[in-house]
Amino acid sequence: MEIQSVAKNLWIVDGEAVRWFTFPFSTRMTIIRLDSGELFIHSPIHLTSELQTQIEEIGNVRHIVSPNKIHHLFMGEWAAAFPNAVLYASPGLSKKRRDLSFGMELVEDASFPWSSEIDHSLFRGSSFMIEVVFFHRLTKTLILGDLIENFDPEALSMFHRLLARFGGILAPHGGTPRDFRATFRDKESAKCSVKDILAWSPERVVFAHGLWVERNAVSFLRDAFSWALSEA
């Protein structure tokens, strides 16, 4: 695993694919170095000794964040490797992972140690889960977990490519997975959440799954969230 620089104080690391009902979900972690030198880790992937060494060369891991209740597989090994780091629980995760010691819950309208540099918002409307979205002000980068997936067709078999296209998650026209989208019963809340994201005017979008968007982010987001913007 190699750390890839995206912009000033912003890196990504692509991890191993995690299979779900045979579908290979590519994984990605995002790293932000704060002005203090502390590192903000979004959706941590499997931690190898080589990766740990690379990360420690960048800064001090202090904040480890789960964007939603299904992005938690490797938080335990990160907590063990970086005992001085704080784990942040997305809505519903602390009940699901009682074995982990979370320092803070990610709630709306709350201030966190990284709030002067990273904005956050809760994407509401789903009966299944709430995702916490993040915006790095310095680089104008939006960071998402599962709200949008954008799988590279070249990395998929023909069968999985068809599944991804049917699910609405095949690049370059990725979006909210069709099954996840179906759980948004409160369309008005979803629409408000999308508008909150667009108000940040992001220039790029980094996803946990699939090809990230390097430019024209607002246009991409309007298309990907058209299901919410056209409702209510």
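For the structure itself, consult the block above.
Residues numbered from 1 in each chain as written. Predicted model: local features only at pLDDT ≥ 70, side-chain atom pairs only at ≥ 80, totals over all residues. Heavy atoms only, no water.

Chemist: Would you explain the environment of Ser49 in this entry?
Modeler: Along the chain, the position of Ser49 falls in helix 1 (residues 49-58). Linking Ser49 and Pro67, residues 18 residues apart in sequence, is a C-alpha distance of 24 Å. A polar contact is formed between the side chain of Ser49 and the side chain of Glu50, at a distance of 3.3 Å. (Helix = DSSP H or I, 4+ residues; strand = E, 2+ residues; numbered from the N terminus. Polar contact = N/O pair within 3.5 Å; in protein donor to acceptor, adjacent residues only side chain to side chain.)

Chemist: In this structure, what is going on with the sheet that holds strand 10 (residues 141-144)? I would like to understand it.
Modeler: Strand pairing within a sheet occurs via backbone hydrogen bonds; the two strands may be parallel or antiparallel. Read across the sheet, four strands follow the order 8-9-10-11 without closing on themselves; strand pairing throughout is mixed. Taken across any chain shown, the strands that pair with only one partner, and hence form the sheet edges, are strand 8 (118-123) and strand 11 (204-207). Put simply, the sheet's adjacent strands are angled 20° from each other on average, direction ignored. (Pairing = 2+ DSSP bridges. Axes fitted to C-alpha atoms, helices over the stretch in contact; angles between N-to-C directions.)

Chemist: Sorry if this is basic, but what is going on with unusual backbone geometry here?
Modeler: Pro172 follows Ala171 through a cis peptide bond whose omega is 5°. Tracing the chain through its elements places Pro172 in the loop between helix 4 (158-167) and helix 5 (178-181). In the Ramachandran plot, Asn9 falls in the positive-phi region, its phi being about 65° despite a non-glycine side chain. Turning to its location among the elements, Asn9 is positioned in the loop between strand 1 (3-7) and strand 2 (10-20). When its relative accessible area of 12% is taken as the criterion, Asn9 is described as buried. Its identity as a non-glycine residue notwithstanding, Ser43 has a phi of 55°, on the positive side. Here Ser43 is to be found in the loop between strand 4 (38-42) and helix 1. (Buried < 20%, exposed > 50% of the residue type's maximum accessible area, 1.4 Å probe, protein only.)

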